[in-house]
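# Structural description and commentary
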Amino acid sequence: MGTLAERNGYDVGLHLLDRQVLGADDRLVGKVDDVELFIEDDGALVPTALLMGLPALLPRFGRRLGAGLARAHRLVREAAADQDLPLVVDFDLVEEVSSDVRLSQPAHGLLHRMAHDRAADPRRCRVGDLLGIPVRCPNLPRRSKILDLRMVGAPRSEEHTSELQSPMYLVC
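Throughout what follows, the structure given in this document is the object of discussion. (Residues numbered from 1 in each chain as written. Predicted model: local features only at pLDDT ≥ 70, side-chain atom pairs only at ≥ 80, totals over all residues. Heavy atoms only, no water.)

### Description of the nonpolar core
Of all hydrophobic cores here, the largest spans 27 residues; its most connected members are L16, V35, L50 and L103. Of all the secondary structure elements, the ones that give two or more residues to this core are strand 4 (34–39), strand 5 (45–52), strand 7 (94–97), strand 8 (101–103), helix 6 (127–130) and strand 11 (148–151). Looking at which element gives the most residues to this core, the answer is strand 5, with 3 residues. The next biggest cluster of nonpolar side chains, apart from the first, holds 6 residues, and it includes A49, L51, L85 and V88. (Core = buried A, V, L, I, M, F, W, Y, C linked by side-chain atoms within 4.5 Å. Buried < 20%, exposed > 50% of the residue type's maximum accessible area, 1.4 Å probe, protein only. Helix = DSSP H or I, 4+ residues; strand = E, 2+ residues; numbered from the N terminus.)

Given below as structure tokens:
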């Protein structure tokens, strides 16, 4: 597939979701179940974290089925109430996206549970929340929907040093 620069970006749904995540030591960290996005003041979407685990995966099944599965998961896992939130790997650690996602650090200790205040932040959303949303545009067919998000461009600021942390564009 080549590097991100050689490909001039990639489609998040096609090239990132459901990929295995490996640490720098080639040990399995998990699987990308969703991607957290930060909505900047100018409306740009910047990826901030890879999300893993059932709390990240189940909402991707749609509002009705996903919500039902999430409720069932909470009932079954009632003793582990903290598991309502997904596991997180900071996007800064992503080094390469190919047939898998390679991180810049060894696997041990990279995963942490998402904090409640982070989950409630209105400036954050998930790729899974955006896929399938209806789009209204005079140049598109009447029932168009968001099919994927494309990551392209240069890093947005000095604090975003990763080549992968770039604005995202919707693909309809």
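### Details of the pairing of strand 7
Both strand 7 and strand 8 contribute to a ladder of 3 bridges, which runs antiparallel. Each bridged residue has a counterpart across the sheet, and for E96 the counterpart in strand 8 is R102. Taken together, strand 7 and the strand that follows it, strand 8, pair antiparallel across an intervening segment of 3 residues. (Pairing = 2+ DSSP bridges.)

### Comments concerning helix 4 (residues 63–76)
Helix length check: helix 4, at 14 residues, gives a terminal C-alpha distance of 20 Å against a target of 20 Å (1.5 Å per residue), a fit within 8%. Residues of helix 4 that are buried include every one of G66, A70 and H73, and no others. Here the buried residues of helix 4 occupy an arc of 60° about the axis, which is enough to place them on one side. Summarising the geometry of helix 4, the exposed residues directed more than 90 degrees from the buried face are R64, L75 and V76. If you follow the buried residues of helix 4, they end up packed against helix 3 (54–57). (Expected span 1.5 Å × (residues − 1). Arc of directions from axis to C-beta. Contact = heavy atoms within 4.5 Å.)

### Some details on the sheet that holds strand 7
Taken in spatial order, the 4 strands of this open sheet run 3-2-8-7, and their pairing is mixed. Lying at the two open borders of the sheet, with one neighbouring strand each, are strand 3 (28–31) and strand 7. Adjacent strand axes in the sheet meet at a mean angle of 25° when their direction is disregarded. (Axes fitted to C-alpha atoms, helices over the stretch in contact; angles between N-to-C directions.)

### Some points on the sheet that holds strand 5
An order of 9-6-5-4-10 is seen for the 5 strands of this open sheet, with the pairing classed as antiparallel. Two strands close off the open sheet at either side, each with one partner strand: strand 9 (112–113) and strand 10 (124–126). Note: strand 6 (residues 87–90) against strand 9, 2 bridges, orientation antiparallel. Its bridge partner being in strand 9, L87 is matched across the sheet by R113.

### Structural notes on unusual backbone geometry
Located in the positive-phi region is D18, a residue other than glycine, with phi close to 70°. Counting through the fold element by element, D18 comes out in the loop between helix 2 (12–15) and strand 2 (20–22). Taking the relative accessible area as the measure of exposure, D18 reaches 42% and is therefore partly exposed. The backbone phi angle of D26 is positive, close to 65°, even though this residue is not glycine. By the element assignment, D26 lies in the loop between strand 2 and strand 3. Accessibility expressed as a relative area gives 52% for D26, which makes it exposed.

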